[in-house]
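As a plain string of letters, each chain reads:
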Amino acid sequence: MGLEALIFDVDGTLADTERDGHRVAFNRAFQELGIDWTWDVPTYGRLLVVTGGKERMRAYAQSQGRSISDETIEALHRCKTRHYTTLVEREGIALRPGVLRLLEEARAAGLRLAIATTTTPANVEALLACSMGPEARDWFAVIGAGDIVPHKKPAPDIYRHVLDRLGLPPAACVAFEDSENGLRASLGAGLRTVITVTDYTRDQDFTGAALVMTDLGEPGRPGRRVAPYGHGAAPVVDLALLERLPASAAA
Ligand code: XBP
Ligand code: MG
């Protein structure tokens, strides 16, 4: 079956948002609401094992032996979302190499685009508007985000939801992810998956991915395959390459 749609994760995949975006916004929310937590860069890397901001804060409280009410979690999360969207609007967060090129190639070829993310919808809107312009929201046929499904990644629910809304079988799509949690979700929905690692996810287990790269690459500056899933420069990730993508890379 031919390729009909590309489905993108957001955080870490469209843009490297975690360290200098979400982490900073969490810390600003803790400070604003008088919670004595500060998540430094390595601590936040460990906390990323839990997806979803509310879930991450709950897990952290538990690890500290602290009880925290649902009301406090909700208030912190609203505050964090405000700080994140403000940060993105004021400072911007650049798209990763090759993302805009591939989105434009897919649109020109008549493929549909979709998003499958754990993050809050307002965060997606802010990132798309700041990095691609106000019209970018309309480039995506489906945006599956946040609490729309009961179980966040690594559960496959968000990908199944997006496939259902697209009305397509997984064989007609390719997913793009940056993390092991994301890969478990996309594979669980039966999707071939391209991984572009970040500093936080480089050493995670990407068994089952079709391609594991540093980034999607640009003409004249291809990304590199990530060991042990291959090595050396790889072709720029474009539609021609995606059309002949195997189900998984040789380890
Ligand atoms: C992204 C996340 C998100 C953000 C925070 O995971 O885990 O939780 O860090 O978002 P993925 P919210 O890239 O796998 O979708 O605070 O809005 O939940
Ligand atoms: Mg991600």
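Residues numbered from 1 in each chain as written. Chains lettered and ligands numbered in written order. Predicted model: local features only at pLDDT ≥ 70, side-chain atom pairs only at ≥ 80, totals over all residues. Heavy atoms only, no water.

**Looking at the site of ligand 1**
Quick reminder of the rule: Only a single heavy atom is needed: when it lies within 4 Å of a molecule or strand, its residue is near that molecule or strand. By the criterion applied in these results, polar contacts are pairs of N or O atoms within 3.5 Å in which, for protein atoms, one can donate a hydrogen and the other can accept it, and in which residues neighboring in sequence qualify only through two side-chain atoms. All accessible areas in this document rest on Shrake-Rupley with a 1.4 Å probe, and a residue is counted as covered only by the protein chains that are shown.
The local shell around ligand 1 holds 18 residues, among which Gly-53, Arg-56, His-77, Lys-80 and Thr-120 are the closest. Contact between ligand 1 and Asp-9: an oxygen atom at 2.8 Å from a side-chain N or O atom of the residue. The side chain of Thr-119 places a nitrogen or oxygen atom 2.9 Å from an oxygen atom of ligand 1. Notes on ligand 1: free accessible area 450 Å², of which the protein chains cover 97%.

**Topic: the coordination of the magnesium ion (ligand 2)**
The condition is simple: Each metal's donors comprise the N, O and S atoms found within 2.8 Å of it (within 3.2 Å for Na, K or Ca). Water is not part of the atom list, so some coordination spheres may appear incomplete. We count a stretch as a helix when DSSP gives it H or I for four or more residues in a row; a strand needs E for two or more, and each element gets its number in order from the N terminus. Working definition: with a 1.4 Å probe on protein chains only, accessible area under 20% of the residue-type maximum means buried, over 50% means exposed, and in between means partly exposed.
Distances from the magnesium ion (ligand 2) to its protein donors, namely Asp-9 (OD), Asp-11 (O) and Asp-178 (OD), fall within the range 2.1 to 2.2 Å. Here the donor residues for the magnesium ion (ligand 2) map to a single chain with the spacing D-x1-D-x166-D. Separated by 167 residues along the polypeptide, Asp-11 in the loop between strand 1 (5–8) and helix 1 (18–32) and Asp-178 in the loop between strand 4 (173–177) and helix 8 (180–188) bring together distant segments of the chain. One exposure class covers both Asp-11 and Asp-178, and it is buried.

Honestly, that's just the spatial picture; any functional story needs more than this.
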